[in-house]
Amino acid sequence: MSKYFQATTSAPVNIACIKYWGKRDTKLILPTNSSLSVTLNQDHLRSTTTSRADPSFTKDNLWLNGKLDEIKPGGRLATCIDAMRSMRKAVEDADPSAEKFSQWKVHICSHNNFPTAAGLASSASGFAALVYSLAKLYQLPASPKDLSVIARQGSGSACRSLFGGFVAWREGAATDGSDSFAEQVAPESAWSDMHALICVVSDDKKGTSSTAGMQRTVETSALFGRRKAVVPDRMRTITKAIQERDFDKFAEITMKDSNQFHAVALDTDPPIFYMNDVSRAIIAVVTEYNRVSIDRGGKRKAAYTFDAGPNAVIYAPKENIKEIVEMIVEYFPQESFNDTFTLFGGEGVQSRLVEGFNTGVTRRFEKGAVKALIHTCVGDGPRVRGDEEGLLGENGLPKTLAQ
């Protein structure tokens, strides 16, 4: 068997608080506004990718969740692979002693442990894992910031999954995209009790993809210009809130930006509906939960946000998550709940509302309206995985293929 090089890595999901929506350059994926996200714990949600370079391979191949995916010349996958290959070639050219394998074909196998294309940022973690695995395969000295510029060209939000904690994607101004990169505004350790409850409303593929939707918005929405104008101040305000651990302000900005993003989608011609009745009911429940707290002289205790899909992500300090789960289950009954953090001591979740909660804010739904609840928290950036976690067999093909 010929000598080969291989690396396996994983990358996390990130969920934006300030949304990325709209491109000023569709090829380079340069955004019309900066954005900011929370990186979620990859012990719960991740993309894992194995990349192998082998002189016996005759073409580049990629498998996603066990299915062969076409690498189109000039497409996003090819763009990322070619960029990483060029970086390896530069290392080889600069160091005569470096092993020469940049021109070998690669086999790449990627697996998500959550539904793909269901509003859970699967392309972000996927492209981040792809780029990071190739960086390790090619033994590159590149920084996460450098890699974020390449990952951005695969999927815009992927650049933010190259870091843990709280991450900004800078809009930049250069036409070549050199100043449009991701950077960490605070590590996960700075606010480690930031938790998230993901309400999986649908695991179906979106009716309107993010790529198609955002360009229609740029071309047709009158509200889009207003959104661009307010984002810079929101970026400054939420960054300060994160660094000062001010959840009340973090929640205010997060929910306002989610609402405005979906208003802009609705203002698109023809309109784009990413949320559904269940999504709007979750908004009503979280809003009422915060009202009860504020009326008692307290502050906001939870923040909802929705990406381009119906699934809700509810951010909250760890201390509030238990009663949030109880409240969600009251309106959206569950067959079971994976109690990752043992909130309920092995006794199972019970539905309950906080005192003073107006039960009439929305109707109670049937089981299955929210298909699953995923409890996670802020987490770290990409990880290198051991050989035992590799997804390719000795023959260079996936160990597991889709049935």
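Look up: the structure comes first, before these words.
Each helix and strand in the protein chain was counted, giving eight helices and 16 strands. For the protein chain, the spread of C-alpha atoms along the principal axes amounts to about 70 × 50 × 40 Å. Every one of the 403 residues in the protein chain was classed for burial, and the buried ones make up 57%. In the protein chain, the share of contacts with a sequence separation of at least 24, taken over all contacts with a separation of at least 6, comes to 76%. Counting every atom, the protein chain has about 16900 Å² of accessible surface; 49% of that belongs to carbon and sulfur. Distance between charge centres in the protein chain, computed from 49 positive and 47 negative side chains, equals 3 Å.

Right, let's get into the sheet that holds strand β2 (residues 14–18). What holds strands together in a sheet is hydrogen bonding between their backbones, with the strands either parallel or antiparallel. Taken together, four strands build an open sheet; the order of strands is β2-β5-β10-β11 and the sheet is antiparallel. Single-partner strands in this sheet number two, and they are β2 and β11 (182–186). Each adjacent strand pair in this sheet contributes to an overall mean axis angle of 35 degrees, direction not counted. Relative to β11, strand β10 (residues 166–169) runs antiparallel, the two being bridged by four bridges. Among the inter-strand pairings, Phe166 is bridged to a residue of β11, identified as Ala186. Helix-sheet contacts for helix α6 (residues 247–266) involve β2 and β5 (35–39), and the interaxial angle to β2 is about 95 degrees.

With that out of the way, let us pick up the environment of Leu162. Secondary-structure assignment places Leu162 in the loop between α3 (144–152) and β10. Sequence spacing of Leu162 and Ala16 is 146 residues, and the spatial spacing of their C-alpha atoms is 14 Å. Contact partners of Leu162, with chain neighbours within four places excluded, come to Ala128, Tyr132, Pro144, Leu147, Ser148, Ala151 and Pro382.

Next up on the list: the pattern of salt bridges. Enumeration according to the criterion identifies 24 salt bridges in this entry. Measuring nitrogen to oxygen at the nearest pair gives 3.0 Å for the salt bridge that ties Asp248 to Arg300. Pair noted here: Asp248 is in helix α6 and Arg300 is in the loop between α7 (277–295) and β13 (303–306), with a separation of 52 residues, a long-range link. On the basis of relative accessibility, which here comes to 26%, the residue Arg300 falls in the partly exposed class. Salt bridges linked by common partners bring Asp43, Asp380 and Arg383 together as one network.

Quick look at the side chain of Asn33 now. Counting through the fold element by element, Asn33 comes out in the loop between β4 (30–31) and β5. Under the relative-accessibility criterion, Asn33 is labelled buried at 2%. Reaching out from Asn33, the side chain makes a polar contact with the backbone oxygen of Lys19 at a distance of 3.0 Å. Excluding anything up to four places from it in sequence, Asn33 contacts Lys19, Tyr20, Trp21, Glu171, Arg227 and Val231.

The subject of this paragraph is the nonpolar core. The biggest cluster of nonpolar side chains holds 68 residues, and the ones touching the most others in it are Phe250, Ile282, Tyr315 and Phe332. Discounting chain neighbours no more than four positions away, the residues touching Ile282 are Cys199, Val201, Phe306, Ala312, Ile314, Phe332 and Val370. Counting 46 residues, the second-largest nonpolar core is a separate cluster that includes Leu62, Ala135, Ala158 and Phe224.

Across the junction of Asp269 and Pro270, the peptide omega takes the value -5 degrees, indicating a cis bond. Even without being a glycine, Thr342 presents a positive backbone phi close to 45 degrees. Note that Thr342 resides in the loop between α8 (318–331) and β15 (372–377).

Strands sit in the order β8-β7-β9-β6-β1-β16 across an open sheet of six strands; the sheet is mixed. If you trace the sheet from one side to the other, it starts and ends with β8 (67–69) and β16 (383–385), each paired once. Strand after strand, the sheet turns through a mean of 25 degrees between neighbouring axes, direction not considered. Where strand β7 (residues 61–64) lies against strand β9 (residues 106–112), four bridges are found, and the strand directions are parallel. Paired with Trp63 across the bridge in β9 is Cys109. The strands touched by helix α2 (residues 122–137) within the sheet are β1 (5–12), β6 (46–53), β7, β9 and β16, with β1 carrying the most contacts at an inclination of about 150 degrees.

Attention shifts here to the environment of Pro271. Tracing the chain through its elements places Pro271 in the loop between α6 and α7. Classification of Pro271 as partly exposed rests on a relative accessible area of 37%. Taking C-alpha positions, Pro271 is 9.3 Å from Ser221, a pair spaced 50 residues apart along the chain. Residues contacting Pro271, with those up to four places away along its chain left out, are Arg216, Ala265 and Leu266.

Looking now at α6. Look at α6: 28 Å from first C-alpha to last across 20 residues, which is about the 28 Å you get at 1.5 Å a residue. In terms of burial, α6 is a largely internal element, 15 of the 20 residues being buried. Taking the backbone nitrogen of Asp248 as reference, a side-chain oxygen 3.3 Å away marks Asp246 as the first, capping residue of α6.

To continue, consider the packing of aromatic side chains. According to the stated counting rule, one finds 17 aromatic pairs in the structure shown. Taking 5.8 Å as the distance between ring centres and 35 degrees as the angle between the ring planes, the aromatic pair formed by Phe101 and Tyr138 counts as tilted. With Phe101 in the loop between α1 (76–94) and β9 and Tyr138 in the loop between α2 and α3, this residue pair connects regions lying 37 residues apart in the sequence. Taking the relative accessible area as the measure of exposure, Tyr138 reaches 0% and is therefore buried. When the ring of Phe337 is compared with that of Phe344, the centres are 6.2 Å apart and the planes differ by 85 degrees; the resulting orientation is edge-to-face. As far as the burial class goes, Phe337 and Phe344 line up, both buried. Through successive ring pairs, a cluster of aromatic residues spans Phe166, Trp191, Phe247, Phe250 and Tyr315. For the cation-ring pair, Arg52 lies above Tyr4, with the distance from its terminal atom to the ring centre recorded as 4.0 Å. Over the ring of Tyr331 we find Arg364; its NZ or CZ atom is 4.9 Å from the centre of that ring.

Reading the values: rules and limits
Residues numbered from 1 in each chain as written. Predicted model: local features only at pLDDT ≥ 70, side-chain atom pairs only at ≥ 80, totals over all residues. Heavy atoms only, no water. Helix = DSSP H or I, 4+ residues; strand = E, 2+ residues; numbered from the N terminus. Buried < 20%, exposed > 50% of the residue type's maximum accessible area, 1.4 Å probe, protein only. Contact = heavy atoms within 4.5 Å. Areas by Shrake-Rupley, 256 points an atom, 1.4 Å probe, with all protein chains shown as cover. Lys, Arg positive; Asp, Glu negative; His and termini not counted. Charge placed at Lys NZ, Arg CZ, Asp CG, Glu CD. Pairing = 2+ DSSP bridges. Axes fitted to C-alpha atoms, helices over the stretch in contact; angles between N-to-C directions. Salt bridge = Lys/Arg side-chain N within 4 Å of Asp/Glu carboxyl O. Polar contact = N/O pair within 3.5 Å; in protein donor to acceptor, adjacent residues only side chain to side chain. Core = buried A, V, L, I, M, F, W, Y, C linked by side-chain atoms within 4.5 Å. Expected span 1.5 Å × (residues − 1). Phe/Tyr/Trp six-rings, centres within 6.5 Å; stacked < 30°, edge-to-face > 60°. Lys NZ or Arg CZ within 6 Å of the ring centre and 35° of its normal.

Geometric descriptors of this kind do not, in isolation, establish any biological role.
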